[in-house]
Amino acid sequence: MSGSEALFKAAQAHIPGGVNSPVRAFKGVGGTPVFFKKGEGAYLIDEDDKQYIDYVGSWGPMILGHNFPPVMDAVRSALDNGLGFGAPTAIETEMADKVCEIMPSIEMVRMVSSGTEATMSAIRLARGYTGRDKIVKFEGCYHGHSDSLLVKAGSGALTLGEPNSPGVPASLAEHTLTLEYNNLDNVREAFTQVGEQVACIIVEPVAGNMNCIPPQPGFLEGLREICDQYGTVLIFDEVMTGFRVALGGAQAYYNVKPDLTTLGKVIGGGLPVGAFGGKKEIMSHIAPLGPVYQAGTLSGNPLAMSAGLAMLNSLCEGDVHESLSAKAEYLTQGLEVIAARHNVPFTTNCVGGMFGLFFTDKSEVTDFKGATACDTEAFGRFFHAMLDQGIYLAPSAFEAGFISDAHTEADLDATLAAADKAFAAL
Ligand code: PMP
């Protein structure tokens, strides 16, 4: 029995499913999740001392690689002063100033401890600010696990949303409309009927939770126009894309300004941090300035702020994002060529350092239907063939992959060489 198999067996006794977050359980690809004991640069080391080239990056934060020295040093020095005070600290202002400098659509920002908290709070704020209850989200986008957001589409665009999970009251889900990503006509039609009741549109400006689906030209611009027309708050959920597809996130990459932005992952450098921010006029409605309540004992925790700020400062120093894009393109184009050589129906998407792999005979995948029509079994077989060769991809056909600054050309070439064998075995 491998170290991971033994640990997974033991974990299941007192942890539901043996994991503290479901995708980690390898349900989408089968087999035993790998238990890691260390990360260094682009690599992860498992409990049996096997080394992997990592394309998950802790689901996003390790944009500069694992154990990145400036982040580790910042945490070490903050550690000496204590773990938290539940009172204001200077570094929170430094962090807020930095976020507002990097993302000009953010004039004020509130720190939280996860992406879920960020999106949940931004939605409450949008509802409190507009005095409206309905919200619009898109099929295939994930915004964390709060009640209003765990809602799937009813049978038509304007039918009541249905809870995605037991425990979400239907009376709450009915305020959530789920529309089609990259289908502006669908949004216009819905708004013609109920636009004046919609508090906010929340969207992943590059969808990274149905694999990786970029916005079609005009989609984000169209959402901006519709929101302006109906007095609806536009929220970009940049928990995944923020500081990743470009330093200023997808809003800088596509040059579309949201009213509110939610952030997570990269902003904590690996520690639990999220944030939401935006126009001062809207953010002024948050307590204690305004009546919309939102709070957190651990919010702005000094260790987490130190890690995040060191990460943002490091990202501001170099031209990391150009090199992330170039590496993602090199990898995905290489994979497409190899797949074609082995006659495997396959295509890819990439934006900045985010990429998606699709086992499909379609030449491009632009929406939820296209993503869910892909061959998930072929992905599972490819995933395991790669894992056996020491390449750690996201263990689900519906998650984006991440490149870090630590990945070298040799790592990418080793990945392509492994893919050659994996595609051949399919
Ligand atoms: N929004 C997006 C776009 C995400 O990708 C995620 C997490 N994958 C979340 C929100 C939720 O973040 P967290 O897991 O930190 O609660």
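Residues numbered from 1 in each chain as written. Predicted model: local features only at pLDDT ≥ 70, side-chain atom pairs only at ≥ 80, totals over all residues.

## Here's the deal with the packing of helix H2 (residues 69–79) against helix H10 (residues 302–317)
- Two numbers describe how H2 lies on H10: the axes approach to 8 Å, and their chain directions differ by 150°. Classified by the interaxial angle, the pair formed by H2 and H10 is roughly antiparallel. In the packing of H2 onto H10, the handedness of the crossing is right-handed. Residues Pro 70, Val 71, Ala 74, Val 75, Ala 78 and Leu 79 of H2 pack against Pro 302, Leu 303, Ser 306, Ala 307, Ala 310, Met 311 and Ser 314 of H10.
- Within the contact of H2 with H10, the residues separate by chemical class into 11 nonpolar, two polar and no charged. (Axes fitted to C-alpha atoms, helices over the stretch in contact; angles between N-to-C directions. Helix = DSSP H or I, 4+ residues; strand = E, 2+ residues; numbered from the N terminus. Parallel < 35°, antiparallel > 145°, perpendicular 65-115°, else oblique. Left-handed = near helix turned anticlockwise from the far one by under 90°. Contact = placed C-beta atoms within 7 Å. Nonpolar A, V, L, I, M, F, W, Y, C, P; charged D, E, K, R; others polar.)

## Quick word on the site of the ligand
- Surrounding the ligand, one finds 16 residues, the nearest of these being Ser 114, Gly 115, Thr 116, Gly 144 and Val 239.
- At three residues, helix H4 (residues 115–130) tops the list of elements feeding residues into the shell around the ligand.
- Within the shell around the ligand, the residues separate by chemical class into four nonpolar, 10 polar and two charged. (Near = placed C-beta within 6 Å.)

## Focus: the sheet that holds strand E1 (residues 36–40)
- With mixed pairing, four strands are arranged side by side in an open sheet as E1-E2-E3-E15. The open sheet has two free edges, formed respectively by E1 and strand E15 (391–392), since each of these has just one partner strand.
- Bridge count between strand E2 (residues 43–46) and strand E3 (residues 51–54): three bridges; the pairing is antiparallel. Among the inter-strand pairings, Leu 44 is bridged to a residue of E3, identified as Tyr 52. (Pairing = 2+ DSSP bridges.)

## Observations regarding the packing of helix H6 (residues 184–194) against helix H7 (residues 219–230)
- The N-to-C vectors of H6 and H7 enclose an angle of 10°; their axes lie 10 Å apart at closest approach. By the angle between their directions, the pair H6 and H7 is classed as roughly parallel. Contacts from Leu 184, Val 187, Arg 188 and Phe 191 of H6 reach H7 at Phe 219, Gly 222, Leu 223, Ile 226 and Tyr 230.
- Class assignment of the residues belonging to the contact of H6 with H7 gives a composition of seven nonpolar, one polar and one charged.

## Description of the environment of Val 23
- Tracing the backbone through its elements, the reader meets Val 23 in the loop between helix H1 (3–14) and E1.
- Between the C-alpha atoms of Val 23 and Ala 424, which are 401 residues apart in sequence, the distance is 27 Å.
- Aside from chain neighbours lying at most four places away, what touches Val 23 is Pro 395, Ser 396 and Glu 399.

## Comments concerning the domain arrangement of the chain
- We note that the domain assignment places domain 1 (3–67 + 319–425) and domain 2 (69–317) within the chain.
- Put simply, the middle of domain 1 and the middle of domain 2, counted by C-alpha atoms, are 25 Å apart.
- Opposite the 28 residues of domain 1 that make contact, domain 2 presents 30 residues.
- Among the secondary structure elements, those contributing two or more residues to the side of domain 1 that touches domain 2 are helix H11 (320–341), strand E13 (347–351), strand E14 (354–358) and helix H12 (368–372). (Domains from an automatic or database assignment.)

## Regarding the pairing of E3
- Hairpin connection of E2 to E3: four residues between the antiparallel strands, including Asp 49 at a positive phi of 70°.
- Across two bridges, the pairing between E3 and E15 is parallel. What sits directly across from Asp 54, in E15, is Tyr 392.

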